[in-house]
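# Coordinate analysis (summary)
Okay, here's what each chain looks like letter by letter:
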Amino acid sequence: MSTPGYTSNLNSTYGVNPTQNGAAALHHHPHPPHPPLQPQQRNGPDPTHPAMYPASSYYSGLPQQGYPSGPAQGLPAPGKAPLMNADYSGNYYHKTHSQPGAPPGPYPPPPTSQTPTQPPSTTNPPVSGAPQYLPQSYQQPVPYSMSANYYGQHYSATSQGQPVQQQYHQLHHPHQQQQQQQQQPNLVPASSGTTLGTPLYPIVSYPSAPGSSQYGTLRSSQAPAGPPPIPNMMPPPTQNALQQQQQQQQQQPQQQHQYPHGNGPTPTPTQQGYGAPPLHQTATVNGQSNAGQQHYDQTPPAPVGPQYGSAAPSPGALDGGSRPPSGAPSAHSSPGHQQGGDSSSTTTGSASPVPNSYESLEGGSYPGPSSVPPTNDASKQAPPFGYNYPTMPPAYQQNPAPRPDTTASQGGYNAPGYQPYSQPFPSLSQLSAALGGLSGVPELEVEALRPVNLLQERSILPPSPPAPPEPNLSSDLRKVNCSPDTFRCTLSCIPQTQALLNKARLPLGLLLHPFRDLTQLPVITSNTIVRCRSCRTYINPFVSFLDQRRWKCNLCYRVNDVPDEFMYNPVTRSYGEPHKRPEVQNSTVEFIASSDYMLRPPQPAVYLFVMDVSHNAIETGYLNVLCQSLLENLEKLPGDSRTRVGFLTFDSTIHFYNLQEGLSQPQMLVVSDINDVFIPTPDSLLVNLKESMELVKDLLSSLPGMFMSTRETHSALGPALQAAYKLMSATGGRVSVFQTQLPTLGAGMLQSREDPNQRSSNKTVQHLGPATDFYKKLALDCSGQQIGVDLFLLSSQYADMASLACMSKYSAGSVFYYQAFHHHHNQAQKVKLHKDLQRYLTRKIGFEAVMRIRCTKGLSIHTFHGNFFVRSTDLLSLANVNPDSGFAVQMSIDESLADTSLACFQAALLYTSSKGKRRIRVHTLCLPVVSQLSDVFAGADVQAITCLLANMAIDRSISSSLSDARDALVNAVVDSLEAFRSNGSNLQPAGLIAPAALRLFPLYVLALLKQKALRTGVSTRLDERLFSMCEFKSQPLRQVMRMVHPDLYRIDNLTEQGALHLNERVVPQPPLLQLTAEKLSREGAFVMDCGSVLFLWVGKCCNEVFIRDVLGCPNYASIPPNMTEIPELETAASERSRAFVSWLQESRAFPAAFYILKDDPSSKSNFFQHLVEDRSESAFSYYEFLLHVQQQMSK
Amino acid sequence: MAFTFAAFCYMLTLVLCAALIFFVIWQIIAFDELRTDFKNPIDQSNPTRALVVPEYSIHGLFCLMFMCAGEWVTLGLNIPLLFYHLWRFFHRPADGSEVMYDPVSVMNADILNYCQKESWCKLGFYLLSFFYYLYSMVYALVSF
């Protein structure tokens, strides 16, 4: 029987109801929700957020399937109108929503006989044959049957006109409900084998206790008897203190009973649930929680799956059902891989298990997390920032964990992980921070404001990458604040007025990395997502509770009611402590959204690969690498049993591949009419991956050979993209385009615009903008249909990146560029492509995403930077969201913030996970507001400022000119230093004075001016320049900083001193060197980390021992010229070097290409161009630049 | 009383000027809707863009007619706007067909502010010139 798909949908759709029912009963407000309530409900929140209108209108066809809180109850409307509507194309929803409701009958899988059966070699299918297939164009049996499966009940309910009654009915008659499931076996995907738990546990669970009813369903038998609820999320000591503090403020003594009760039994690092069932259930049911548990549970017994809400076993079982059988095993059999897929939604969806478990699964890029205790894992992966951990020296502050609770819980299981690293380099700021609380802050500020004479202080570079400044907040707030890796502001003290900001001459903006892989993330399943009624802000740690029942929004200051449901704290299972809910304890949380947040049922993950197979493409040999990577990673593509894939190749014609299940081999269908592209057979080109796995594998293994002898040199990229768009528009998804040359045929054809003689011109660079708006329009269409386009450009010739990149830029895709890719001549590139694809194919992905950034009243968003489409003043539409893209936002201060002391920013990312769950990830950042110019300077975050300036400069260079942009960058330095000088009175007039917080600013700006994107006078290919620009705009801060100012280390004398101890690995920590040839020596070997490239530069007279022990060559002369890795030797030096290099590699999403360079002229330029402090033929040295700035200032 | 070519020009421009005023009001509303989140930039920009070329050509027609009619003062008043229009038209983004109001950049606060201000200024200009044309028309009709 098992009807896995169905059960899971039951969970998602009906899970709400018990609560609703319970809540209603609880409050004696039995409110039979009528559909007529809808308009009224909408009107509540809407006026302030008119953007929601379209959505609600789309919903009109949908029954309100039980929004738990009707206005009658006086609860804040939970989300009647989804705050973020992924879809703006009006008819979109209608299209899809009407279909699932229909009986599956009308959309039978078309008989295979209809598909043209042609041998793969045949070309030119009869164009006249096309109409024959067109009528089917929207029949997609697989997805629709699935969605009927998911949503069918809703729709049928609607048609009956009494949706809610029916739900109630079902609630009270579980058997009937189960019967219903079984009545629809035909709707269920054939994944029955996977539901481990379904038969074991009844699907429907009833509210067993008033409390549990608020948080989804606990099994009635389990609820009272379950292990004492143990707050995993906010575990032991510090947090405890914090909570108690809050309790005292709130004067709710009775909670004191509860908390110890909850906390007592948890000295062990378990994942406790919120309303948790014993683990073994979760474990059995939900295979992946095992994987997750491994990381955390070092003490085998006592495991409890953390559960925030919706109840224990059933959802687990349900989720288990919806997962592809192959997916789960692979997910935890290879945790070291970047298991992009949402194992997440499964695990977490089931009950927000080990908030960590899935993230450590997906945190992916770092080998072997499964055996690593979480802390180590975290500190290993984390980029070295984190003001959450003030006691740690910057080099080791690497926990990306968004939840400062980790810090708080150091006394608990986290402590051992951190402490070893917290000793080595105590500096003033860390010490003062370690002193804790507010007392440390003034010292920090003094330090940050210490005037530095840049002309005299030569070595301004700290020995380890600089940490972001800590906002001057009370320690409570600081602990819960968002991780700087996720959310960072250029000024960690927000100036009170625009005038003050103008005086400081620093840009105000945010840098976001909202979807990055996290090691720990509280996932909350709750029926009511508590949000401000006027501005729709999600409740967050920085709101204030006026009393038990009211909270004040920290962004718009509206006073809201606390809904009844929120009064219950799933952590302690006690009632009446809303301020202890996980939402209020963590600044990064993820909600499982209800159907209020959907415009249409979650679509399956759909991946389409569009590949250039022209002669030029075959020459490069990329197809082999691609098909190989695909074959390796097919099973790891994030998705569930509904995942679909398709392939499309093109040269001067477009080739489709029919992979319908049941065929003996893939069929190639060729469409040669590129002026009017049509889809030859609409339903068998995107196939269910699981069902057609064999055919897909067949195709992938034969594809590289198929075009070996092609003589076709043209490339009809535009028509191929149009075809892809048509193919994907029903579901949305991801299109990966592989292109190796300039498109020369059909729509979107381009001409070469680059004049090689102008590459190194000092004059203005032309053609930075797109040549045609074809790609932009296509991207906007794609974005409207939720299709993200990723571009892999592997061209050795000019391919007009400026135009092509538009297809990714506006559809929220990513751009990859492999200059002069050749499988044979360019091994390093080949390796890099292979590794990149590995990450690309398996990384997490979110579909149909929108991100809204809200900020405290008075602040407003001015400009966005990144890959997306801006849909309204604060809303970004992201067809796909990936964990490796960053965003930047410029802000302005519209109204004075004088009446507030804190400014908050909230980024909410609503997306559909690859498992078909709608989720909302919310990050909240809180910063102090200051009225003094000196405070503004003290809080300046020089790295964030640099990144934001880079984004602004790139916009400027495209809209105006490169030289304008460069001047603007220099002016930014001049202006800010001038502002500081005129502000301070105690400065000596001589020299170039900068506050310590900004002492690296001139260096970074100089480095920016020497980047490929912005440099002049050095020969730079237009495509490389444009790609560099794309990277600046879409990479997260950490990666951008590495590109701007590479890290240089000397590695021939690595020692264990001050090394990091990770997971039985010792990672030496050599100090950072300044980027000047002066720091290089012929006797040494140096590693330079430039973000996407790592260089190991070996000096001429390098220590023979190093060459022998590490490089495995007898002497310098015998080092081969094309080494791309450090050989695995059994010597200590080799181990240290490899540990260090792999540690560097792990700190980024896409492994960097590794080059070993000898000190000879041929490889010199590659390496030396990154030494930004040195003079180059066309650019200043650092010292000259300082003099230049000084000169400008004195003008 | 003379129904001269100039008088005819003024009558025609009066009508067209009313049309221009409506165009501009439409633009103002459109940008306001964008700012207040009512509309999606794609939906909004397409019609807005569609009005740009008609507006420019109508205004160009004014100038042409006034030149033919020898109404140098009126022409002089319109010349600055004509040049502004030409400048905007020829400084559009390099990717061709789209004149302005690019949906991907219109949400940029600077650009939106600029567009709004531009629309208000044009509204003022067209309103004033409407009355000026009215006056001139009557003047041309009654004078000998």
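Remember, it's a predicted structure, so these values are computed and weren't measured experimentally. (Residues numbered from 1 in each chain as written. Chains lettered and ligands numbered in written order. Predicted model: local features only at pLDDT ≥ 70, side-chain atom pairs only at ≥ 80, totals over all residues. Heavy atoms only, no water.)

## Concerning the overall build of chain A
A count of helical and extended segments in chain A gives 46 helices and 33 strands. When each of the 1195 residues of chain A is scored for burial, the buried share is 69%. Considering only residue pairs separated by 6 or more positions, chain A has 79% of its internal contacts joining residues 24 or more positions apart. Total accessible area computed for chain A in this model is approximately 36800 Å², and 53% of it derives from carbon and sulfur atoms. (Helix = DSSP H or I, 4+ residues; strand = E, 2+ residues; numbered from the N terminus. Buried < 20%, exposed > 50% of the residue type's maximum accessible area, 1.4 Å probe, protein only. Contact = heavy atoms within 4.5 Å. Areas by Shrake-Rupley, 256 points an atom, 1.4 Å probe, with all protein chains shown as cover.)

## A few points about the overall build of chain B
A tally of regular secondary structure across chain B gives four helices and zero strands. Traced from its N-terminal end to its C-terminal end, chain B shows the element sequence α-α-α-α. In chain B, which comprises 144 residues, the proportion classed as buried is 47%. Of the contacts made within chain B by residues no fewer than 6 positions apart, 80% connect residues no fewer than 24 positions apart.

## Remarks on the pairing of strand β25 (residues 902–913) of chain A
Residues and elements named next belong to chain A. Most of β25 is tucked away: 11 of the 12 residues are buried. Relative to β25, strand β20 (residues 846–855) runs antiparallel, the two being bridged by eight bridges. Bridge assignment links Arg852 to a residue of β25, and that residue is Ala908. Of the strand pairs in this sheet, β25 and strand β26 (residues 918–930) are connected by 11 bridges, and their pairing is antiparallel. Paired with Tyr911 across the two strands is Arg919, which belongs to β26. (Pairing = 2+ DSSP bridges.)

## Looking at helix α33 (residues 774–784) of chain A
Residue and element names in this part refer to chain A. Counted residue by residue, α33 has nine buried out of 11 residues, so it is predominantly covered. Restricting attention to buried positions, one finds in α33 the residues Phe774, Tyr775, Lys776, Leu778, Ala779, Leu780, Cys782, Ser783 and Gly784. Where α33 terminates, the next one or two residues include Gln786, which has phi positive at roughly 65°.

## Notes on the interface of chain A and chain B
On the chain B side, the residues contacting the 22 residues of chain A number 21 residues. Summing both sides of the interface, chain A and chain B together bury roughly 1800 Å²; the carbon and sulfur share of this comes to 57%. On the chain A side of the interface with chain B, the three residues burying the most area are Lys776(A), His862(A) and Thr873(A), jointly 26% of the side's total. At the boundary of chain A with chain B, the tally comes to zero salt bridges. Only α33, β21 (859–865) and β22 (869–872) of chain A provide two or more residues apiece to the side of chain A that touches chain B. Its residues assigned to classes, the side of chain A that touches chain B comprises 11 nonpolar, five polar and six charged. (Buried area = accessible area lost by both parts, 1.4 Å probe. Salt bridge = Lys/Arg side-chain N within 4 Å of Asp/Glu carboxyl O. Nonpolar A, V, L, I, M, F, W, Y, C, P; charged D, E, K, R; others polar.)

## A short note on unusual backbone geometry
Excluding glycine, most residues fall at negative phi; most peptide bonds, likewise, are trans. Residues and elements named next belong to chain A. Phi at Arg536 takes a positive value of approximately 65°, unusual for a residue other than glycine. Within the fold, Arg536 resides in the loop between β5 (523–525) and β6 (544–547). In the Ramachandran plot, Tyr557 falls in the positive-phi region, its phi being about 65° despite a non-glycine side chain. Mapped onto the elements, Tyr557 comes out in the loop between β7 (550–552) and β8 (559–561). For Tyr557, a relative accessible area of 28% translates into the label partly exposed.

## Things to note about the side chain of Asp1047(A)
On the secondary structure map, Asp1047(A) appears in strand β28 (residues 1047–1050). Setting aside residues no more than four positions away along its own chain, Asp1047(A) makes contact with Arg1042(A), Leu1072(A), Val1087(A), Met1088(A) and Asp1089(A).

## Concerning the environment of Ser57(B)
Residues and elements named next belong to chain B. Its place among the elements puts Ser57 in helix α2 (residues 41–69). The exposure class assigned to Ser57 is partly exposed, which follows from its relative accessible area of 42%. Considering only alpha carbons, one finds Ser57 and His85, 28 residues apart in sequence, at a separation of 9.4 Å. Only 3.1 Å separates the side chain of Ser57 from the backbone oxygen of Pro54, close enough to count as a polar contact. (Polar contact = N/O pair within 3.5 Å; in protein donor to acceptor, adjacent residues only side chain to side chain.)

## Notes on the packing of aromatic side chains
All names here are of chain A. In total, this model carries 36 aromatic pairs over all chains according to the counting rule given. Measuring from centroid to centroid gives 6.4 Å for Tyr818 and Phe821, while their planes differ by 75°, and the two rings are edge-to-face. Each member of the pair, Tyr818 together with Phe821, is buried. Among the aromatic residues, ring-to-ring pairing joins Tyr622, Phe738, Phe792, Phe816, Tyr840 and Phe1150 into one connected group. Taking the ring centre of Tyr1116 as reference, the NZ or CZ of Lys1158 above it sits at 5.2 Å. (Phe/Tyr/Trp six-rings, centres within 6.5 Å; stacked < 30°, edge-to-face > 60°. Lys NZ or Arg CZ within 6 Å of the ring centre and 35° of its normal.)

## What to know about the UniProt feature "transmembrane region" (unreviewed entry) in chain B
Residues and elements named next belong to chain B. UniProt's feature table lists "transmembrane region" (unreviewed entry) at residues 7–29, 56–83 and 123–142, given in the numbering used throughout. With 93% helix and 0% strand, the stretch residues 56–83 has end C-alpha atoms that lie 10 Å from each other. For residues 123–142, helix accounts for 100% and strand for 0%, while the C-alpha atoms at its two ends are 29 Å apart. (UniProt positions renumbered as here; feature names shortened; annotations may be inferred.)

## A closer look at the pattern of salt bridges
All names here are of chain A. Taken as a whole and judged by the stated rule, the model has 33 salt bridges over all chains. The partner of Arg956 in a salt bridge is Asp964, and the shortest N-O contact between them spans 4.0 Å. Overall, Asp964 belongs to the partly exposed group, its relative accessible area being 30%. Linking Lys1012 and Glu1024 is a salt bridge whose minimum nitrogen-to-oxygen distance equals 2.9 Å. Of the two residues, Lys1012 sits in the loop between α40 (1001–1009) and α41 (1022–1034) while Glu1024 sits in helix α41, which places them 12 residues apart along the sequence.

## Structural notes on the sheet that holds β8(A)
Residues and elements named next belong to chain A. Reading across from one edge, β6-β7-β8 is the order of the three strands in this open sheet, with antiparallel pairing throughout. On the outer flanks of this sheet lie β6 and β8, each paired with one strand and no other. Taking the axes of each pair of neighbouring strands and ignoring which way they run, one obtains an average angle of 35° across the sheet. (Axes fitted to C-alpha atoms, helices over the stretch in contact; angles between N-to-C directions.)

## A look at the sheet that holds β28(A)
Residue and element names in this part refer to chain A. Ordered in space as β28-β31-β32-β33, the four strands form an open sheet in which the pairing is mixed. The sheet is open, and its two borders are formed by β28 and β33 (1153–1158), each paired with just one other strand. If you compare each strand with its neighbour and ignore which way they point, the axes differ by 20° on average. In terms of strand pairing, strand β32 (residues 1093–1098) meets β33 through six bridges, oriented parallel. The partner of Leu1096 across the bridge, within β33, is Ile1156. On top of the sheet, helix α45 (residues 1161–1168) reaches β28, β31 (1085–1089), β32 and β33; it is set at about 130° to β32, its chief contact.

## Regarding the environment of Leu461(A)
Residues and elements named next belong to chain A. Structurally, Leu461 can be placed in the loop between β1 (451–453) and α25 (475–480). On the basis of relative accessibility, which here comes to 12%, the residue Leu461 falls in the buried class. On a C-alpha basis, the gap between Leu461 and Leu1072 in space is 7.6 Å, while along the polypeptide they are 611 residues apart. Setting aside anything within four residues of it in sequence, one finds Leu461 in contact with Leu1000, Leu1003, His1045, Leu1072, Leu1073 and Gln1074.

## Description of the pairing of strand β11 (residues 588–592) of chain A
All names here are of chain A. The buried count for β11 comes to five of five residues, which makes it a mostly enclosed element. For β5 and β11, the ladder comprises three bridges, and the chain directions are parallel. By the bridge assignment, Thr525 is partnered in β11 with Ile592. In the sheet, β11 pairs with β26 via five bridges, with the strands oriented antiparallel. By the bridge assignment for β26, Thr588 is matched with His923.

## With respect to the packing of helix α38 (residues 942–959) of chain A against helix α42 (residues 1037–1044) of chain A
Residues and elements named next belong to chain A. At a minimum axis separation of 10 Å, α38 and α42 run at an interaxial angle of 80°. One element, α38, and the other, α42, form an angle in the roughly perpendicular class. For the pair α38 and α42, contact is made by Gln943, Ala944, Thr946 and Cys947 and by Leu1037, Val1040, Met1041 and Val1044, respectively. The residue inventory of the contact of α38 with α42, partitioned by class, reads six nonpolar, two polar and no charged. (Parallel < 35°, antiparallel > 145°, perpendicular 65-115°, else oblique.)

## Topic: the confidence of the model for chain A
Chain-level statistics for chain A give a pLDDT mean of 69 and a share of 62% at 70 or above. Contacts of residues 1–441 of chain A to residues separated by more than four positions or lying in other chains number 972 contacts, the stretch itself having pLDDT below 50. (pLDDT = per-residue confidence, 0-100.)

## Digging into a nonpolar patch on the surface
Residues and elements named next belong to chain B. Taken together, the side chains of Phe3, Phe5, Phe8, Met11 and Leu12 define a hydrophobic patch exposed on the protein surface, amounting to about 460 Å² of accessible area. Following the sequence through the fold, Phe3 ends up in the segment before α1 (5–35). Using a relative accessible area of 56% as the deciding quantity, one classes Phe3 as exposed. (Patch = residues over 30% accessible without salt bridge, like charges linked within 9 Å, V, L, I, M, F, W, Y side chains within 5 Å.)

## Structural notes on the confidence of the model for chain B
Do not read the predicted coordinates in detail wherever pLDDT is low. Per-residue confidence for chain B gives a mean pLDDT of 85, with 92% of residues at or over 70. At the low end of the mean pLDDT range in chain B sits α2(B), at 85; at the high end sits helix α4 (residues 109–142) of chain B, at 91.

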